[in-house]
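The chain contents come next:
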Amino acid sequence: MATVELLFSALPEHVRTARLVAAAVARRAGVDEAVLDEVRLAVGEACSRAVGLHRSGGIATPVRVRLTEDEKKFSIEVGDDAPHTAVAEAVAGSSGTSAADHEEASDSEDDMGLAVISGLVDDVEVSADESGGVIRMSWPTIPAPVLP
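Residues numbered from 1 in each chain as written. Predicted model: local features only at pLDDT ≥ 70, side-chain atom pairs only at ≥ 80, totals over all residues. Heavy atoms only, no water.

Colleague: Tell me what's going on with the sheet that holds strand 5 (residues 132-140), and back it up with residues and numbers.
Modeller: In spatial order, the strands read 1-2-3-5-4; together these five strands make up an open sheet with antiparallel pairing. Edge positions in the sheet fall to strand 1 (2-8) and strand 4 (123-129), since each of these pairs with one other strand and no more. Looking at each pair of strands side by side, their axes are set apart by 10° on average, direction ignored. Along the sheet, helix 1 (residues 13-29) contacts strand 1, strand 2 (63-69) and strand 3 (73-80); its crossing angle with strand 1, the most-contacted strand, is approximately 175°. Sheet contacts for helix 2 (residues 36-57): strand 1, strand 2, strand 3 and strand 5; angle to strand 3, the most-contacted strand, approximately 15°. (Pairing = 2+ DSSP bridges. Helix = DSSP H or I, 4+ residues; strand = E, 2+ residues; numbered from the N terminus. Axes fitted to C-alpha atoms, helices over the stretch in contact; angles between N-to-C directions. Contact = heavy atoms within 4.5 Å.)

Spelled out as structure tokens, the structure:
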């Protein structure tokens, strides 16, 4: 099992780099060429979501991306350190809106991003708690042909 880990500052310009690395590792892992655009888009969406959560919460830790090549699948985990209940309260306090109003807007943005990801990826799992969140995605790989 080969793993590539990528840590990057929560800046939007680094999302493109994460997309390019994910596509390159997916290609090497044996993901079907026809699916590589979906991999790029899903990783871009997950990383953009994590960057947004870090920036809105004032979190200085890096966004984490883990790319894992198994025997029959290629997996990507995108992790953030945003406490999913405290982010809304912190931003709401500085903008003059209530925490509930901001949480509702934030939830709708999250819902849209997660809907895009679930439309692109058949095998996706989202988990979040007060210490952060992780989006796990995986795609089947094509076994390398055996040379005679």
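Colleague: If you had to explain the nonpolar core to someone new, which residues and values would you point to?
Modeller: If you look at the biggest cluster of nonpolar residues, it comprises 31 residues, and the most contacted ones within it are V39, F74, I76, V78, M137 and W139. When contributions to this core are tallied by element, the ones reaching two or more residues are strand 1, helix 1, helix 2, strand 2, strand 3, helix 4 (99-120) and strand 5. Among the elements that make up this core, the one with the highest residue count is helix 2 (eight residues). (Core = buried A, V, L, I, M, F, W, Y, C linked by side-chain atoms within 4.5 Å. Buried < 20%, exposed > 50% of the residue type's maximum accessible area, 1.4 Å probe, protein only.)

Colleague: Describe the confidence of the model for the chain, naming the residues involved and giving the relevant values.
Modeller: The predicted model of the chain has a mean per-residue pLDDT of 83, with 79% of residues at 70 or higher. Low pLDDT, under 50, characterises residues 86-105; the predicted model gives this stretch 15 contacts beyond four residues in sequence or across chains. (pLDDT = per-residue confidence, 0-100.)

Colleague: Run through the side chain of T141, naming residues and quoting values.
Modeller: Looking at the secondary structure, you find T141 in the segment after strand 5. By relative accessible area, T141 is classed as buried at 13%. Setting aside residues no more than four positions away along its own chain, T141 makes contact with A29, G30, V31, E71, K72, K73 and F74.

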